[in-house]
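Coordinate analysis (summary)
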Amino acid sequence: MKISMIGAGYVGLVTGACLSDMGNEVLCVDVDEAKINRLNSGEIPIHEPGLDQVVQRNVAAGRLRFSAVPAEGAQFGEIQMIAVGTPPDEDGSADLKYVLDAAACVAQHMDGYRCIVDKSTVPVGTGDRVEQRVRETLLRRGVDHPFSVASNPEFLKEGAAVEDFMKPDRIVLGVEDAHAERLLRELYAPFQRNHDRTILMSRRAAELTKYAANAMLATRISFMNEVSRLADRVGVDIEQVRIGIGSDARIGYSFLYAGAGYGGSCFPKDIKALIRTSEDHGLQPSLLNAVERVNDTQKLVLVNKARARFGSLRGLRIALWGLSFKPNTDDMREAASRTIMEALWAEGASVAAYDPVAIDECRRIYGDRDDLVLAASPLEAVRGADALMLVTEWKEFRSPNFHEIKARLRQPLILDGRNLYDPVAVRARGLEYLGIGRGQ
């Protein structure tokens, strides 16, 4: 099959590469010429494990190409997948400008039937607006090409996106006509040979499913963070509580980890957009507002603990392990590390930070600062620091040399923002330990 992928960002590049890996011909189109030039020169602009190999072998096989000419994309694929950004407006709603512009471009240049598929995370009713924009554009052209509009939301986890796409737990198809259903079922057949994972629904239901899924996961995180605050007050270890409630099959263990708050390009943006959509329809989403509020305050929990411990943070040097919002990515959008560093700087502290892959991204965001040192190793970041804050649970942080950490720290204090360590084991090595809801 021939597929045009409109948008060569995170979702578009992963989706396009994985579809081409099954033998399809894919053309990824992006108006960012610098990005396309990097891709055509063999450079992958995002950090995602395994993606570079998939891209390289399919480019070499001639199945995956990149272009900065939108008209070329509109004329290439029978299936047109829109995977452009939907950044939040000032009021929290999703900005659909790029989605609608992409749809208009397809309509302006299409020369036959097209199945236009929304991969971007979009509010309920966006498919209707895309359909209207395509009809209006075709009418102005004076042509009557047939087309379909479908919703096929992505459920990719950053850091495991290639595996998620190749082995999906579900494939949601929001379609309104039989032809679009047949095309998309055929497209995804190679990814579900073991058993059918397709969930067929209306276009609007598919749009809401994506938001609801992310909102549920964010709710579980904020719930555990709320309970962790109580655990600290009453002297209970939240990890014991997590195991106790997670053993209930109705609850399960996933997304029940207390920590320094969620971040990234999805949860914060999607919660805001779902709140705005609810308000636009006359509802007051009390639960969603609480989820967002808890997360905003949770990102400062390590700073609050440090302030309570030291009294004042002015003049202190804090070592930070982890800058990306989660492991296996260099994405720092809405990351807890950013909130923490900015709060520390505001209180007169300096930061020495280390991350396996997000150092360059941090430098791009903050530039050169006297109160920020970007270290080449975890132990280099710790040297001379008054405390160590663990913010992102990278694997290389799981079993550190605590004796070396203690020897390099000016004051032997670890603030564990992901509850990665056993408090008893850390204290046995002569270090003070403060975690999230560990009963202190």
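One can find the structure itself at the top, above this paragraph.
Residues numbered from 1 in each chain as written. Predicted model: local features only at pLDDT ≥ 70, side-chain atom pairs only at ≥ 80, totals over all residues. Heavy atoms only, no water.

1. Details of a nonpolar patch on the surface
On the surface, a nonpolar cluster with roughly 250 Å² of combined accessible area is contributed by Leu230, Val234 and Val236. One can find Val234 in helix α9 (residues 203-234). (Patch = residues over 30% accessible without salt bridge, like charges linked within 9 Å, V, L, I, M, F, W, Y side chains within 5 Å. Areas by Shrake-Rupley, 256 points an atom, 1.4 Å probe, with all protein chains shown as cover. Salt bridge = Lys/Arg side-chain N within 4 Å of Asp/Glu carboxyl O. Helix = DSSP H or I, 4+ residues; strand = E, 2+ residues; numbered from the N terminus.)

2. Focus: unusual backbone geometry
Of note in this structure, Phe255 is not a glycine but carries a positive phi near 55°. Tracing the sequence through the fold places Phe255 in the loop between α10 (238-246) and α11 (267-280). Of note, the phi angle at Glu334 is positive, near 60°, even though the residue is not glycine. Looking at the secondary structure, you find Glu334 in the loop between β9 (317-321) and α14 (336-346).

3. A closer look at the pairing of strand β10 (residues 350-354)
Counted residue by residue, β10 has 4 buried out of 5 residues, so it is predominantly covered. Note: β9 against β10, 5 bridges, orientation parallel. Bridge pairing in β10 links Ala319 to Ala352. In this fold, β9 hands off to α14, which returns the chain to β10; that crossover is right-handed. Bridge count between β10 and strand β11 (residues 372-374): 3 bridges; the pairing is parallel. Its bridge partner being in β11, Val351 is matched across the sheet by Leu372. Taking the sense of rotation as the criterion, the β-α-β connection linking β10, helix α15 (residues 359-366) and β11 turns out right-handed. (Buried < 20%, exposed > 50% of the residue type's maximum accessible area, 1.4 Å probe, protein only. Pairing = 2+ DSSP bridges. Right-handed = clockwise from strand over helix to strand, strands pointing away.)

4. Topic: the packing of α9 against α10
Across the interface, α9 lies against α10 with an axial gap of 10 Å and an inter-helix angle of 135°. Relative to α10, the element α9 is oriented oblique. The two elements α9 and α10 cross, and the hand of that crossing is right-handed. Taken together, the residues of α10 that come into contact with α9 (itself represented by Phe223, Met224, Val227, Ser228 and Ala231) are Ile238, Arg242 and Ile245. Grouping the constituent residues of the contact of α9 with α10 by class yields 6 nonpolar, 1 polar and 1 charged. (Axes fitted to C-alpha atoms, helices over the stretch in contact; angles between N-to-C directions. Parallel < 35°, antiparallel > 145°, perpendicular 65-115°, else oblique. Left-handed = near helix turned anticlockwise from the far one by under 90°. Contact = heavy atoms within 4.5 Å. Nonpolar A, V, L, I, M, F, W, Y, C, P; charged D, E, K, R; others polar.)

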